Amino acid sequence: MENKGTYYITTAIAYASGKPHIGNTYEAVLADSIARFKRKDGYDVFFQTGTDEHGQKIEMKAEAAGVTPQEYVDQVAGEIKGIWDLMGTSYDKFIRTTDEPHVKQVQKIFKKFYDQGDIYKGAYEGMYCTPCESFWTESQLVDGKCPDCGREVKPAKEEAYFFKMSKYAQRLIDHIESHPEFIQPVARKNEMMNNFLKPGLQDLCVSRTSFKWGIPVDFDDKHVVYVWLDALTNYITGIGYDCDGNSDELYHKMWPADLHLIGKDIIRFHTIYWPIFLMALGEPLPKQIFGHPWLLQGDGKMSKSKGNVLYADDLVKFFGVDAVRYFVLHEMPFDNDGVISWELMVERLNSDLANTLGNLVNRTISMSNKYFGGVVTDKKVTEPVDEDLKAVVCGTYAKVEAKMADLRVADAITEVFTLFKRCNKYIDETMPWALAKDETKQDRLATVLYNLVESIMIGASLLTPFMPETADQIAKQLNDKLRDFDTLEKFGAYPDGNKVTDQPEILFARLDIKEVMEKVEVNDVVDSQEGIDIEAKETITYDDFAKLQFQVGEIIKCEAVPKSKKLLCSQVKIGSQVKQILSGIKEHYTPEEMVGKKVMVLVNLAPRKMVGLESEGMLLCAEDADGKLALMKPETEMPSGAEIC
């Protein structure tokens, strides 16, 4: 295998405030698939992940749990690492921001910034979001709440050190404009340029005094280092960066990073603050930062509460590691959010994994055993259909490599499964069962089975980065070794006369969704949110309630209201009528998601004008403790206009 050079990939380090859900786990699996692909493709890969373990939120959680912050993060970091290991993430380094080498370097970096005039002492006053550990001005808030997470903010003031962001802003703008690949997808780049950089950067608060759980500023012990300056530097401290100029060989070998893989919600920190910190250190910027979309939970039948969370270890109990890996990788679009639910998992397992892949492998091995005692021989009795199969199989690596180069992992997996589908079609075209009945066609039958086994081995080798256990199982059953990628454009490497297993194992068994959901409920896998207490309103009489008319409505059209951050304008069919209803749910639903939904509507609310438009009713929603809204919908299919009583 040709050495194609080094490749350094990182995930964002997981915040050690609690167990990571499947959306957090997706990022680790995504990075792992890229790292595994690069290794197989001839790169010297270093893959780093880890945990972010400082901050006020952790201090508060530790206090509530009756343990020290260090004890708290030790437990949570172990849980995070355990889930990463369960999912087969092949990281080379798991860094923790409480690691002593990291702590020492952060203190040295902070002092360097201060000594060169990039940091100065002042006072911060603004609206503070504890979960995000961020200060905001009133103008930055969205409907009075944190613009990042949508939670409540509180006024706060404290002495702090500030970093002079504006000093480096134009240099960063120039870099982004001259390196179009730096921020991906393009929409993320446009957002950062238009919303933050071009309007002008404010100086950044980089220390705190209102809590103690952080890296101390060693020359001013009232202060601890702001969590983002602490956390972001892990990408260099983890590979041996030294602020005094004595960096390890690994740092010189691997930096700058080829790819920072992060969630789209923290892209501002990685594409603005982090590059500016690096500029101040005099270090090269990473080559690319990719803000991946979110993996969202599907609504509907999964649970009685919209606030449920799915965890990787629970899913693995039902589907296995590789099925979960396949789903989260394959079902995530390049730049749009993906959806996960028990129903979708079962559907994909049955159609793609059990049918397309598992059945193909099982049928091929079974026919080899039935017709030739498991011995696979290339008799070279070819027909034109063979050439088309070989062209598809040998052309798949190039297609997969091109998709992976663009970080289109879901599309790369689709290409591999296109190969497997072509094999299934080849079986239908050649009909081995018919060839077996004709004694003069035995050499042709042997050739067909050889072609299938060889094609499956090439497909399994390409599957390795995404489903490593499954690829190994296939190779074991076919009694061959998975191949390096530089061999996959040639057909015929399977050893002539080799013998497949005589005990084929089913790779993926089909599942029944009803049985799965029964087990989910019995095992209490899906956990509901804690209950929410709200202030009680004045008691009403039955006659008061009887004045309200609730009906089922079907949304037939929906548009965003221009110049409004909150409002969607829906056309709602209620029986034979259509009412126009404005709802403040733009943050929670897109217009496209709204169309077709059956919803609960208060229909006899007096019309009122909102931003120049008339609203003729109200869509009923529930709100959780974090301010997330969910439309209330009938439990079973009901016709438009049905009375809610």
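Criteria and thresholds
Each chain has its residues counted from 1, running along the sequence as written. Per-residue local features of the predicted model are confined to residues with pLDDT of at least 70, and side-chain atom pairs are confined, for both listing and counting, to 80 or more; whole-chain, interface and lining totals are unaffected and use all residues. Excluding hydrogens and water, the side-chain figures rest on all heavy atoms present in the structure. Helix and strand assignments follow DSSP, with helices taken as H or I runs no shorter than four residues and strands as E runs no shorter than two, numbered in order from the N terminus. Values of the radius of gyration come from C-alpha atoms, whereas the globule rule sets the reference at 2.2 Å times the count of residues to the power 0.38. Exposure is judged per residue with a 1.4 Å probe applied to protein chains only, and the accessible area is read against the type maximum: over 50% gives exposed, under 20% gives buried, and values in between give partly exposed. Contacts are residue-level and defined by heavy atoms, with any inter-residue pair within 4.5 Å sufficient. Per-residue and other accessible areas follow the Shrake-Rupley method at a 1.4 Å probe size, with only the shown protein chains counted as cover for residues. Under the counting rule used here, the positive set is Lys and Arg, the negative set is Asp and Glu, and His together with the chain ends is not counted. A charge is said to be at NZ when it belongs to Lys, at CZ for Arg, at CG for Asp and at CD for Glu. In plain words, nonpolar cores are sets of buried Ala, Val, Leu, Ile, Met, Phe, Trp, Tyr and Cys residues tied together by side-chain atoms within 4.5 Å. Polar contacts here mean pairs of N or O atoms no more than 3.5 Å apart (in protein, one a potential hydrogen donor and the other a potential acceptor; neighbouring residues in sequence count only if both atoms are side-chain atoms). Each Phe, Tyr or Trp ring, with Trp reduced to its six-membered ring, pairs with another whose centre is within 6.5 Å; inter-plane angles below 30 degrees give stacked pairs, above 60 give edge-to-face pairs, and intermediate values give tilted ones. A fitted line through C-alpha atoms represents every axis, and for helices the fit uses only the stretch in contact; the resulting angles, taken between N-to-C directions, go from 0 to 180 degrees. Any angle between 65 and 115 degrees counts as roughly perpendicular, while under 35 counts as roughly parallel, over 145 as roughly antiparallel, and the rest as oblique. Residues are grouped as follows: nonpolar covers Ala, Val, Leu, Ile, Met, Phe, Trp, Tyr, Cys and Pro; charged covers Asp, Glu, Lys and Arg; every other residue, Gly included, is treated as polar. In this description, strands pair whenever DSSP reports at least two bridges between them. Only residues above 30% relative accessible area that lack a salt bridge enter a patch, with like-charged residues linked at up to 9 Å and the nonpolar side chains Val, Leu, Ile, Met, Phe, Trp and Tyr linked at up to 5 Å. In the sections that follow, a salt bridge refers to a side-chain nitrogen of Lys or Arg positioned within 4 Å of a carboxyl oxygen of Asp or Glu. In this description, a disulfide is simply a cysteine sulfur pair whose atoms lie within 2.5 Å. One fewer than the residue count of a helix, multiplied by 1.5 Å, yields its expected span. By definition, the arc is the one covered by directions from the helix axis to the C-beta atoms.

1. A look at the overall build of the protein chain
A count of helices and strands for the protein chain gives 21 helices and 27 strands. Its C-alpha atoms give the protein chain a radius of gyration of 29 Å, within 12% of the compact-globule value 26 Å for 645 residues. Seen through its principal axes, the protein chain has C-alpha atoms that stretch 90 × 75 × 50 Å. Buried residues in the protein chain amount to 52% of all 645 residues. Within the protein chain, counting contacts between residues at least 6 apart in sequence, those at least 24 apart form 75% of the total. Only carbon and sulfur atoms are counted for the fraction: they give 49% of the accessible area of the protein chain, which is about 29,500 Å². The protein chain carries 76 positive and 101 negative side-chain charges, and their two centres are separated by 3 Å.

2. Let's talk about the nonpolar core
If you look at the biggest cluster of nonpolar residues, it comprises 102 residues, and the most contacted ones within it are Ile34 and Phe319. The dominant element in this core, judged by the number of residues it contributes, is helix H17 (residues 442–463), at 12 residues. Counting residues in hydrophobic clusters, the runner-up holds 57 residues, among them Phe46, Phe163, Ile173 and Ile176.

3. Section: the environment of Gln580
By the secondary structure assignment, Gln580 is in strand E20 (residues 577–583). Setting aside residues no more than four positions away along its own chain, Gln580 makes contact with Cys569, Ser570, Gln571, Leu613, Glu614, Ser615, Glu616 and Gly617. Here the side chain of Gln580 touches Glu614 through a polar contact of 2.8 Å, landing on its backbone oxygen.

4. Some details on the packing of aromatic side chains
Going through the model one piece at a time under the given rule, you end up with 28 aromatic pairs. Plain terms: the ring middles of Tyr8 and Trp255 are 6.2 Å apart, the flat faces sit at 65 degrees to each other, and that makes the pair edge-to-face. Within this pair, whereas Tyr8 is found in strand E1 (residues 6–11), its partner Trp255 is found in the loop between helix H9 (249–254) and strand E12 (259–263), the two being separated by 247 residues in sequence. Take Trp255: its relative accessible area is 8%, and that puts it in the buried class. Ring plane angle 5 degrees and centroid distance 3.9 Å describe the contact between Trp228 and Phe269, whose orientation is recorded as stacked. Linking Trp228 in helix H7 (residues 227–232) with Phe269 in helix H10 (residues 267–281), this pair joins segments that are 41 residues apart in sequence. Here Trp228 and Phe269 have matching classes, each one buried.

5. Topic: helix H11 (residues 312–319)
Of all 8 residues in H11, 6 are buried; the element is thus mostly enclosed. For H11, every residue scored as buried is listed here: Ala312, Asp314, Leu315, Val316, Phe318 and Phe319. The first or second residue beyond H11 is Gly320, which carries a positive phi of 90 degrees.

6. Some thoughts on the packing of helix H4 (residues 100–115) against H10
One way to put it is that H4 packs onto H10 with a least axis distance of 10 Å and a crossing angle of 70 degrees. On the basis of their axis angle, the class for H4 and H10 is roughly perpendicular. Touching Ile109, Lys112 and Phe113 of H4 are Phe277, Ala280 and Leu281, all from H10. Of the residues assigned to the contact of H4 with H10, the class counts are 5 nonpolar, no polar and 1 charged.

7. Things to note about the environment of Lys390
Within the secondary structure, Lys390 is located in helix H14 (residues 384–405). For the pair Lys390 and Leu281, spaced 109 residues apart in sequence, the C-alpha separation works out to 53 Å. Those residues within four positions of Lys390 in sequence are excluded, and the remaining contacts are Thr382, Gly395, Asn451 and Phe491.

8. Remarks on the pairing of E20
Sheet analysis places strand E19 (residues 568–574) next to E20, joined by 7 bridges and oriented antiparallel. Paired with Lys573 across the two strands is Val578, which belongs to E20. Hairpin remark: E19 followed by E20, antiparallel, with 2 residues in the connecting loop; positive phi at Gly575, about 65 degrees.

9. A closer look at a nonpolar patch on the surface
A cluster of nonpolar side chains, namely Trp294, Leu296 and Val339, defines an oily patch on the protein surface of about 230 Å² accessible area. Mapped onto the elements of the fold, Leu296 is located in strand E14 (residues 295–297). Of the residues examined, Leu296 reaches a relative accessible area of 33% and is grouped as partly exposed.

10. A short note on the side chain of Gln288
By the secondary structure assignment, Gln288 is in the loop between H10 and strand E13 (289–292). Under the relative-accessibility criterion, Gln288 is labelled buried at 18%. Beyond its immediate stretch of four places on either side in the chain, Gln288 contacts Glu181, Phe182, Gln184, Ala257, Asp258, Leu259, His260 and Leu407.

11. Notes on unusual backbone geometry
Along the chain, Gln184 connects to Pro185 via a cis peptide bond; the corresponding omega equals -10 degrees. Along the chain, the position of Pro185 falls in the loop between strand E8 (183–184) and helix H6 (186–197). Looking along the chain, the bond that leaves Trp255 and enters Pro256 is cis, with omega of 10 degrees.

12. What about the sheet that holds strand E6 (residues 134–136)?
In spatial order, the strands read E6-E5-E7-E9; together these 4 strands make up an open sheet with antiparallel pairing. For this open sheet the edge positions go to E6 and strand E9 (204–205), each flanked by a neighbour on one side alone. Pairing of strand E5 (residues 119–129) with E6, which is carried by 3 bridges, proceeds in the antiparallel orientation. Across the sheet, residue Tyr128 finds its bridge partner in E6, namely Phe135.

13. Description of the state of the cysteines
Summed over all chains, the structure comprises 0 disulfides. Its sulfur unpaired, Cys621 is 12 Å from the next cysteine sulfur, which belongs to Cys558.

14. Quick word on helix H5 (residues 166–178)
Relative to the 18 Å expected for 13 residues at 1.5 Å per residue, H5 spans 19 Å between its end C-alpha atoms, a close match to the ideal helical length. Listed as buried for H5 are Tyr168, Ala169, Leu172, Ile173, His175 and Ile176. The buried side chains of H5 occupy one side of the element, clustering within an arc of 165 degrees when seen end-on. On its buried face, H5 is in contact with strand E7 (154–163), E8, H6 and H10.

15. Quick notes on the packing of helix H1 (residues 22–40) against helix H12 (residues 321–330)
Packing of H1 against H12 leaves a shortest axis separation of 9 Å and a crossing angle of 90 degrees. Between H1 and H12, the interaxial angle falls into the category roughly perpendicular. Contacts from Ile22, Tyr26, Val29, Leu30, Asp32, Ser33 and Arg36 of H1 reach H12 at Val324, Arg325, Val328 and Leu329. Looking at side-chain class alone, the contact of H1 with H12 contains 7 nonpolar, 1 polar and 3 charged residues.

16. Brief notes about the side chain of His292
Tracing the backbone through its elements, the reader meets His292 in strand E13. Residue class for His292 comes out buried when judged on its relative accessible area of 3%. A polar atom in the side chain of His292 sits 2.7 Å from the side chain of Glu27.

Purely geometric stuff here, so don't read any function into it on its own.
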